[in-house]
Structure formats: structure tokens, C-alpha cells
Amino acid sequence: MLHDRHQAPVWRMSLVLMRTTWDAEEVAATAFFELWRKRDKVRVVDGSVLPWLLATTSFAAKNSLRSRRRYQRLLTRIPHDGDVPDHADEVAEAMDSLRISSDVREALLHLNQRDASVVILCVIQELPTSEAAVVLGIPEGTVKSRLSRVKTRLRGVLHEYAPTTEEANA
């Protein structure tokens, strides 16, 4: 029942954080597995486990990406005969492309765990700062200050996507 109720937002967030739909499926499944595994310790906010699931999805995505980077570094150290280009990778990338800019995705992936959790809960999932504070187990003022700091940092990194004066006044 919980899976059916919260699958869509967990899936969307997984797609934002991961590079392929296969990886996103794995991350979403991991979040629901952790929900089952830690069912006695899950923080419920206003009768919903969704905020906890979203934070867990973020952690699972970061862990998956870190694991993949380690694996790629290992592969580069293994001697091999010349690379043979595989067009399947290009096809997979085209199939997995999302409307979300790769620059925005990369900016989110470069945030640390604490900042990423605040952005995901407050900006992407539009939770009030008070609910995000409960989920993260920190004071609401801390959530607000982290959110302000991260927004400023992201504005600097993503300045080319800032609206023009006409767009902002429309």
C-alpha cells in the first residue's frame, strides 16, 4: 500500500538524481527496501512516510553514484586492449534523456548530503521547512539557513539559466 501511494514521487526523484532509468529503478527499490528494513525507526511526518522516503532516496542515489565512481576508477587501472566504441551507450543516453538539464542535475549531485536533502525536500518536493526539519532531525532555522545558502550557491553555478528581466517581470 505504501509503495503504491508513494512510488511516483520516489521514482521522479530517482530520475532526477540518476543518469539512467535502470539506475533510477535500483535507487527507488533501495528506498522502499530500506523503508521495510527500518520500519520500526522511520520518522513519520504528519502521518506520511514520504519525506523519510525522499531523504532515503537521496542517500541511496549518492551511495550508488559513489560506488559507480569507485568501480570506474578500478576499471581504468585494469590493462586492456584498445577501446571499441559501443553505440548502445549513445542509444541508452538518448532514451534516458529527461527534460531536466544535465547542468541542473550535475549541480544537485555535487551538493553534500545535508544540503542535497534540504533542497530535495524543500524545493523539489515542496515540503514546508518545518516538515523538512522534522524529517532531518534538525531545527527549522538550520533548514532555512542551509536552504538560503544552497540557493545562493546554485544561482552562481546555474547563472546562465536565470530569467531575463522581462521574464522575471512577466
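Here the residue numbering is sequential within each chain, running from 1 through the sequence in written order. Given that the model is predicted, a residue must reach a pLDDT of at least 70 before its local features are reported, and side-chain atom pairs must reach 80 or more before they are shown or counted; all residues, however, enter totals for whole chains, interfaces and linings. For the side-chain quantities, the full set of heavy atoms in the structure was used; hydrogens and water were omitted.

Enquirer: Quick question: what am I supposed to make of the overall build of the protein chain here?
Expert: In terms of regular secondary structure, the protein chain is built from nine helices and zero strands. The cut-offs for exposure are 20% and 50% of the maximum accessible area for each residue type, with area from a 1.4 Å probe on protein chains only; residues under the lower value are buried, those over the upper are exposed, and the others partly exposed. The proportion of buried residues among the 170 residues of the protein chain is 36%. Per-residue and other accessible areas were derived by the Shrake-Rupley procedure at a 1.4 Å probe size, with only the shown protein chains allowed to occlude residues. Carbon and sulfur atoms form 54% of the exposed surface of the protein chain, whose accessible area is close to 11,200 Å². Numbered from the N terminus, helices here are DSSP runs of H or I no shorter than four residues, and strands are runs of E no shorter than two.

Enquirer: Can you walk me through the packing of helix α1 (residues 2-17) against helix α2 (residues 21-37) in this structure?
Expert: The relative placement of two packed helices comes down to the angle between their axes together with the axis-to-axis distance. Where α1 meets α2, the axes come as close as 9 Å, and the angle between the chain directions of the two elements is 135 degrees. When the axis of α1 is compared with that of α2, the two are oblique. The chirality of how α1 crosses α2 is right-handed. Residues Leu2, His3, His6, Gln7, Val10, Trp11, Ser14 and Leu15 of α1 lie in contact with α2, whose contacting residues are Thr21, Ala24, Glu25, Val27, Ala28, Ala31, Phe32 and Leu35. The axes used here are C-alpha line fits, helices contributing only the stretch in contact, and every angle between their N-to-C directions lies in the interval 0 to 180 degrees. An angle counts as roughly parallel when it lies under 35 degrees, as roughly antiparallel when it exceeds 145, as roughly perpendicular when it falls between 65 and 115, and as oblique in every other case. Helix crossings fall into two classes, left-handed where the near helix is turned counterclockwise from the far one by less than a right angle and right-handed where it is turned clockwise. Contacts are residue-level and defined by heavy atoms, with any inter-residue pair within 4.5 Å sufficient.

Enquirer: Help me understand the pattern of salt bridges in this model?
Expert: For side chains of opposite charge, pairing can occur when their charged atoms come near one another. Put simply, a salt bridge is a Lys or Arg side-chain nitrogen that is within 4 Å of an Asp or Glu carboxyl oxygen. Enumeration over the complete set of coordinates arrives at five salt bridges. We note a salt bridge from Asp23 to Arg68, for which the minimum N-O separation is 2.9 Å. Here Asp23, found in helix α2, pairs with Arg68, found in helix α3 (residues 50-77); they are 45 residues apart in sequence, far enough to count as distant. Here Arg68 falls in the partly exposed class, since its relative accessible area comes to 34%. Among the ionic pairs, Arg153 bridges to Asp115, the shortest N-O distance being 3.2 Å. Placement of Arg153 in helix α8 (residues 140-157) and of Asp115 in helix α6 (residues 113-124) is noted, with a sequence separation of 38 residues between them. The exposure class assigned to Asp115 is buried, which follows from its relative accessible area of 4%.

Enquirer: Just to check I follow, could you spell out the confidence of the model for the protein chain for this structure?
Expert: Reading predicted coordinates in detail is not appropriate for stretches of low pLDDT. In the predicted model, the protein chain carries a mean pLDDT of 82, and the fraction of residues at 70 or more is 85%. Looking at any residue, its pLDDT shows the predictor's confidence there, from 0 to 100. Per-element confidence in the protein chain is highest for α8, whose mean pLDDT is 91, and lowest for helix α4 (residues 87-96), whose mean pLDDT is 59.

Enquirer: Where do I start with the packing of aromatic side chains in this structure?
Expert: Any aromatic ring pair is given by two values, namely how distant the centres are and how the planes are angled relative to each other. Any pair of Phe, Tyr and Trp rings, taking the six-membered ring for Trp, is counted once the centres come within 6.5 Å. Such a pair is stacked with planes under 30 degrees apart, edge-to-face with planes over 60 apart, and tilted for the rest. Enumeration over the complete set of coordinates arrives at zero aromatic pairs. Either the NZ atom of lysine or the CZ atom of arginine qualifies as a charge over a ring when it sits within 6 Å of the ring centre and within 35 degrees of the ring normal. Sitting over the face of the ring of Trp36, Arg39 holds its NZ or CZ atom 4.0 Å from the ring centroid.

Enquirer: Just checking my understanding: could you explain unusual backbone geometry for this structure?
Expert: Most peptide bonds take the trans configuration, and most residues that are not glycine carry a negative phi. Notably, Glu126 is not glycine yet its phi reads approximately 60 degrees, a positive angle. With respect to the helices, strands and loops of the structure, Glu126 is situated in the loop between α6 and α7 (129-136). With relative accessibility at 65%, the residue Glu126 sits in the exposed group.

Enquirer: Even after reading the chapter, I still don't get the packing of α1 against helix α5 (residues 102-109), so can you show me in this structure?
Expert: Between α1 and α5, whose axes approach to 9 Å, the crossing angle comes to 95 degrees. Classed by the angle they form, the pair α1 and α5 counts as roughly perpendicular. Facing α1, whose interface residues are Leu15, Val16 and Leu17, α5 presents Arg105, Leu108 and Leu109. Residues that form the contact of α1 with α5 fall into these classes: five nonpolar, no polar and one charged. Amino acids outside the nonpolar list (Ala, Val, Leu, Ile, Met, Phe, Trp, Tyr, Cys, Pro) and the charged list (Asp, Glu, Lys, Arg) are all regarded as polar, and Gly is one of them.

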